[in-house]
Each structure stands twice: as C-alpha cells, then as structure tokens.
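# Remarks on the overall topology
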Amino acid sequence: MKRLLVLAAAAAALFSAQAQTFPGSKPITFVVPFAAGGPTDRVARDLAEAMRKSMGGGANFVVENVNGAGGTIGANKVAKATPDGHTLLLHHIGMASAPSLYRKLQYKPVEDFEYLGMINEVPMTLIGKPQFVANTYRDLENTIRTDAAKLNIAHAGLGSASHLCGLMWQAAVNAKEPMTTIPFGGTAPAMNALVGGQVDMMCDQTTNTTGQIEAGRVKAYAVTTAKPLTSALLKDLPTLQQMGLKNFNLTIWHGLYAPKGTPPAVLAQLNTALKLALKDPDFIKKQEGLGAVVVNDKRVDPAAHKAFVVAEISKLKPVIEAAGKFAD
Ligand code: ASP
C-alpha cells in the first residue's frame, strides 16, 4: 500500500512538472482530418494563430492534414497518439456522424478522447457548378426529382459534413433515386472539381463557399440553417425550410480533442488557451467574415461539449438511418 502511495505521488509530481514545462520547445500539432485549404483546415489555421498568441507566443503550432475516409483516418491517428498534449484533433460533426455510418470504427469518438471544447458553428450552402442547368432552388429540386440518377454530388467522404448534408437533403426532397456521390479527401479539392465543372453540386460550409459564391465561380441555391443568414452576400439565399423542407436544420460545429490519458494539468492549460483564443478579436473577425459563429465559454467547457457530442450521436443516428439509400 505504502509503495502504491509513493508511486502515485511520484506520478503526480511528474505530471505537474510536465504541465509546468508544457508545451516546451516541441510544437503542438493540430491534426485536421481533411485536405488543406478546406473549411476544417481554415478553422485550424486561424485557431492555431489565436492559440499561439493566447499561450503567450511561446507555443509553436503545426497543422497536419491527415485526410481520407470522411475524417476517420485522422481521428484514429489522434486517438492512438501519445497523450502528452502535443497531438490534438480538430474535427467537426463527423465525430458524431461516423458511428452511424461505419460498421467498424477503429476508435470510439466519446471514450478515446479528452474533450477540450467546442470552437464554432457554421451554416452550409447548397451550390452547383457554374454551368449547372438549375438557376434557382426550385429548378434544382425539380432537376433532382426527375434526373437524380444522371447527376452527381461531391463530398469529403462518408460521415463528412458535406456527405451528411447531401444525404439529408436528398431524403428530404424525396428524390426517386440517389445521385452518384463523389468522395474527395476534403471539400477544398471537391470545390476545385465543382468550379472546374467536373462534378455537378455540393453542400459545404460557408467558410469554404462564401468566397466562391462572391466571385461567381459557383451557383448558390439555399442555406441549411433554420434562419436566413445575415451576411450581406448570403442574406438573400432561401433557407431549406422556407423552400418547404419542414424542420430542415443543419449547422456544422467544430471542436478540439486530445488523446485519452492526456495529463489533467495539460488539458487545463489547453482549455484555458482555447477559451482565450476564442475571444481574440482577430479570430472572431476572420470566422464571422466567413459566416461562422464562435461559441461562448459555456460551450467551450469540456464536459458540456462532450454531453453535446453524445446527444448529437443519438440525434444523427435515426436521421442517417432514415436517409437509407442516400447514405452511400
Ligand atoms: N467541409 C468538409 C466536410 O464536408 C471537410 C473539409 O474539407 O474541411 O466535412
């Protein structure tokens, strides 16, 4: 017993020494489970800069894009990483959709991570290639009702936000047949294919679509949130509810996660830095400019975010099951 107590005291001393020296000279890596240049990557790069500042400028941040399989490859990498605070996952709603879409996930989204907190919420937009036949949302719905099998929709892999949006929308409009889905490693490369006319349509976060809509490189049809957006550029886009899709409401959130077993003192340090970073006016301005809403302290609370993700997993399960044939 005495030996055990001595060991426990030694471990506690080691952890607190680690916390004092954390992060030291080793960089903190944000693993983004999607391609560079896309919406998740954008949040990560802006947040890395804000957290570098909120940690007193002493911490170095690196963003590593580990894309593929709708974000599950990157998430799995972090679940198995050394739990020392130097490898963190910046992920989105895919944390909650993956358990309903993969028969066998290599990690458990709730149990295998320490939750650091939520970051932001982002609306999505339905967009089409520049030469797409549909000019308005009504045209788009009519086209899908009659010609879905001839058309395709790009996304960032099974369980990604774009995939989720596409399947929910096709189910809501009750398309006779599913569109062909074209998966990419992220919606940055998917957007290139859309702008280039190689794919027909996509549903993606405003953090990726606002600039393309503004430049006239894609056609924009509708937003996925319950309320219309307020930004000058997107305020005239109808919501899917206004277009008759009852209760359609999809908002994407992002959060920050560490591998299970990361020392509590390191987690506390990271959570404090995250909370401060989310109050950084530069970060808020950049995010708001792209239609994202940075969350308040209550939602950055690790326990609150974990409870939210658990609820999202339960909420999405029946939605994904009901979408059945559109979920491929
Ligand atoms: N927006 C993407 C998605 O559909 C992910 C990304 O490329 O950031 O989930």
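In this report, we go over the structure that sits alongside the text.

Rules of the game
Residues numbered from 1 in each chain as written. Predicted model: local features only at pLDDT ≥ 70, side-chain atom pairs only at ≥ 80, totals over all residues. Heavy atoms only, no water. Near = heavy atom within 4 Å. Polar contact = N/O pair within 3.5 Å; in protein donor to acceptor, adjacent residues only side chain to side chain. Areas by Shrake-Rupley, 256 points an atom, 1.4 Å probe, with all protein chains shown as cover. Helix = DSSP H or I, 4+ residues; strand = E, 2+ residues; numbered from the N terminus. Nonpolar A, V, L, I, M, F, W, Y, C, P; charged D, E, K, R; others polar. Axes fitted to C-alpha atoms, helices over the stretch in contact; angles between N-to-C directions. Parallel < 35°, antiparallel > 145°, perpendicular 65-115°, else oblique. Left-handed = near helix turned anticlockwise from the far one by under 90°. Contact = heavy atoms within 4.5 Å. Phe/Tyr/Trp six-rings, centres within 6.5 Å; stacked < 30°, edge-to-face > 60°. Buried < 20%, exposed > 50% of the residue type's maximum accessible area, 1.4 Å probe, protein only.

The immediate surroundings of the ligand are formed by Phe34, Pro39, Thr40, His92, Ala156, Ser160, Ala161, Ser162, Gly186, Thr187, Asp204 and Gln205. Contact distances for the ligand include 2.6 Å between an oxygen atom and a side-chain N or O atom of His92. One of the side-chain N or O atoms of Gln205 is found 2.7 Å from a nitrogen atom in the ligand. The fraction of the free accessible surface of the ligand (270 Å²) that becomes covered by protein chains is 100%. Of all the elements in the fold, those that place two or more residues in the shell around the ligand are α2 (39-54), α6 (161-173) and β7 (201-205). Split into classes, the residues belonging to the shell around the ligand amount to four nonpolar, seven polar and one charged.

This paragraph deals with the packing of α6 against helix α12 (residues 302-323). At a closest axis distance of 9 Å, the pairing of α6 and α12 adopts a crossing angle of 60°. Relative to α12, the element α6 is oriented oblique. Read as a crossing pair, α6 and α12 show a hand that is left-handed. Packed against α6, whose contacting residues are Leu164, Leu167, Met168 and Ala171, the element α12 presents Leu316, Val319, Ile320 and Ala323 at the interface. Of the residues that constitute the contact of α6 with α12, the class distribution is eight nonpolar, no polar and no charged.

This brings us to the packing of aromatic side chains. Evaluation of the coordinates by the stated rule reveals six aromatic pairs. The interplanar angle of 75° and the centroid separation of 5.4 Å between the aromatic rings of Trp253 and Phe308 together place this pair among those described as edge-to-face. Here Trp253, found in strand β9 (residues 251-259), pairs with Phe308, found in helix α12; they are 55 residues apart in sequence, far enough to count as distant. Judged by its relative accessible area of 1%, Trp253 falls in the buried class. The rings of Tyr107, Phe113, Tyr115 and Tyr257 are connected pair by pair, giving a single aromatic cluster.

Take Pro281: it is sitting in helix α10 (residues 281-289). Since its relative accessible area comes to 60%, Pro281 is described here as exposed. Taking the C-alpha atoms as reference, Pro281 lies 28 Å from Ala307; in sequence the two are 26 residues apart.

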